[in-house]
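Breakdown of the fold
In case you want the letters, here they are:
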Amino acid sequence: MSLAKMEQIRLVGHETERERTLALLQDLGVVQISDLTQELPQMTNGGFTPKPVRDNNLESTLAALRYALDFIARYDQEKKGFIQGFFNLKDAITTDELAQLARSYDYRALCERVRVLDRELLELRSEKTQLEARRAELLPWTALTTPLESLQRSARTALLLGRMPKTSLSLLEKALQSKLGDLSIVESVSTDEQMIYLYAILPKESEEEFTKIASEHGWERLAFQSLPANATGTVQEWLAQTEQRLQEIVTRQAQSEQQAQEIVGEKRKLQALYDHFYNEQLKFSSQTMLVGSANTFVLGGWIRAVDYEKLAQTLQQAGATVWLERVPPKTDERPPVALENRMLFQPAEFLIRLFGLPKRNELDPTPFVLPFFAIFFGIALTDAGYGLVLMIAFWVLKRKYRHKLGFQSFANLMILGGLSAVIAGALTGGWFGPELAQSFSVLRALMLFDINTPSGLIAFLFFSFALGFVQVLLGNLLEFYDKVRTGRFWEGFWCEGTWIVFMIGLGVVAGAAVPAMMPKELNAPGLPLPWMDFGTRLALLGTFLVLFFSRVESPQKLGKQVPWLFLAFGLTLWILKSSEWPLGEILVALGALGIVVGGGLRRALGRVGAGAFKLYGATGLLGDILSYSRIMALGVSTGLIANSMNKLSLMTWELPLVGPVICIVFIVFLQTFSILINSLSAFVHSARLHYVEFFTKFYEAGGEAFKPFARASVYYEVREKR
């Protein structure tokens, strides 16, 4: 339940040891390197400057590999599975395998081959597009036997090509005959569904008049724009050349794409090399954060205290001639944050990182998140069959990707959630839907809530509310504890402590009152009715405590709080009339007198006003508790969805011959879909209850994550050993 203790270190060595030391730190992965170049003005020892870094062409190498991998991706038919892609699961490779591949594989020749092939394919695609456009332009004019050189306008005549709607041709001919007489000749060449392609021969001086008349009838002037300006020969000849060249391009494209498919087989080697050079680039970039003199280098950073001796031993065993020391952090420095929990609670760290790490002096909520998340997930899923499938699936994935440490925690979280779903499903009769539990007495005997009946549904709802109340109360208790451990006991006592009393009182009242108000036939669970009186007294006392202690100045001065305590207890006793003696009235009078004498009326009214505003927050408390009904609703909907899918599948059973096969396929497919969608919903809503209803009571987050300098990966999980 604590954060890892962090220590600041400094490492000084000879310049010749710089690269080897960085390689050791990268392999070890326990030091977060600090940028000492930003601290040069504050460093006490003079003579230090940023270390010069020589160009090593790593950027160009990575760019070439990225180019080749992008090219391969366009032709790669291999697809990641849903699970592998969703969780970004990667295969493992060792550093020795990467180094051997970098030494023996001629990736430069392959990258150059990819560039040449990609350029050729691009040129072929571009030429093919141009030729297809030419073909589309020429096809309507295949019946035009006039050579193209004859279509050029002469000094006295003009030959115009165009197209227009077929229905307008007769109208155009009449208009031309009326205005131009026999000066123009219009001949059709071809037609399609709507348009007619034609050419017109006319005197040059009549061209403008012809164009005006033709445009009024839908004429669109055309030209052979895809052909050279001085083109000769017929349209048929050009079309034949175009078709021949297109066929050559298609053949060449097929050959080039076949070569591309052969290159796809080199993908894994290129990916591994990319990770190798990517890590080299990380090591190279880290040198820009070092300082030193001509013959020395200085490296600063943070390390978990438990890893300090491990670092020292590694450097010593490697024979690195460097000096390692602890450095006291400055008062304004904020160490990075690393979670440190027992193995049992580590699966919940995934949820904490999603929300945000705690600040350095803040309480780590991980141990409190794990049990509640597992319970909420199980209730929201509420199907033992689904839970078993999740447990088996993530157990298999966990073993297959044991090298991916980050996934291990998530897999354990899902296995725990699956176990919770098995328990919740057994208690509510959910086994791939409610039908199995209704059919087998053994499964019915395990049921605690029969959610197919009103009484079982009400009991399930109240159970969800009770869980929500416990978690919200725990959030306030943790805020109280956090103030106690940071030396603010009385502040927590007057603020959170009074609210906790108020909450417990309301919880007892609700636990006893709600079942009493429900119809007896529902058999709603709850607390015994006699507890109502105790809960009422506690809630009333809590009300006055919150009203009077929500804003306390100088909380450690207990004498100033005594009159307010008299007033709170006195009003409670006075309203309840729990004694024949006027004890409540006396306490109220003494408290009021002490408040007026000790602090003044205006300050007292301000304090009560602040308390009244906090009491208004009881409406928010009610909303928080009601939010937990969502896990019950999700659990019920899981059974309804599973039941519907089973019935849909069984409708195919009576089909002749193939009915049973189709039914089984449908059940497997639909139930798999139901598991995925309901598990996702259970995860999202269980996390939301923590982030919105629980964390807001005590947790702020905002810590800077500890990011040690280590081997990273894009395509593979890089490990020292398999």
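We now turn to the structure provided with this report. Because the structure is a prediction, the values reported are computed rather than measured.

1. Here we look at the nonpolar core
Ranked by size, the top nonpolar core spans 85 residues in total, and within it F373, F394 and F548 carry the most contacts. For this core, the element with the highest residue contribution is helix α17 (residues 454-485), accounting for 12 residues.

2. Quick word on the packing of aromatic side chains
One pass over the full model with this rule turns up 36 aromatic pairs. Ring geometry for Y274 against Y715: centres 5.8 Å apart, planes inclined by 80 degrees, an arrangement best described as edge-to-face. Residue Y274 is found in helix α9 (residues 267-286), and its partner Y715 is found in the loop between α25 (659-694) and β14 (717-719); the two are separated by 441 residues along the sequence. For Y715, a relative accessible area of 29% puts it in the partly exposed group. The rings of F355, F372, F376, Y628, Y691, F694, F695, F698 and Y699 are connected pair by pair, giving a single aromatic cluster. Directly above the aromatic system of Y67 lies the positively charged group of R115, at a separation of 4.1 Å from the ring centroid. Looking at R326, its charged tip hangs above the ring of Y308, at a distance of 3.7 Å from the centre.

3. Quick look at the environment of A374
Mapped onto the elements of the fold, A374 is located in helix α12 (residues 366-381). By relative accessible area, A374 is classed as buried at 9%. Distance in space between the C-alpha atoms of A374 and A512 is 28 Å, their sequence separation being 138 residues.

4. Focus: the pairing of strand β8 (residues 195-203)
In terms of burial, β8 is largely enclosed, as 8 of its 9 residues are buried. Of the strand pairs in this sheet, strand β6 (residues 157-165) and β8 are connected by 9 bridges, and their pairing is antiparallel. Looking across to β8, one finds that M164 is bridged to I196. As defined by bridge partners, strand β7 (residues 185-191) adjoins β8 across 6 bridges and the pair is classed as antiparallel. Among the inter-strand pairings, I185 is bridged to a residue of β8, identified as I201.

Rules used in this analysis
Residues numbered from 1 in each chain as written. Predicted model: local features only at pLDDT ≥ 70, side-chain atom pairs only at ≥ 80, totals over all residues. Heavy atoms only, no water. Core = buried A, V, L, I, M, F, W, Y, C linked by side-chain atoms within 4.5 Å. Buried < 20%, exposed > 50% of the residue type's maximum accessible area, 1.4 Å probe, protein only. Helix = DSSP H or I, 4+ residues; strand = E, 2+ residues; numbered from the N terminus. Phe/Tyr/Trp six-rings, centres within 6.5 Å; stacked < 30°, edge-to-face > 60°. Lys NZ or Arg CZ within 6 Å of the ring centre and 35° of its normal. Pairing = 2+ DSSP bridges.

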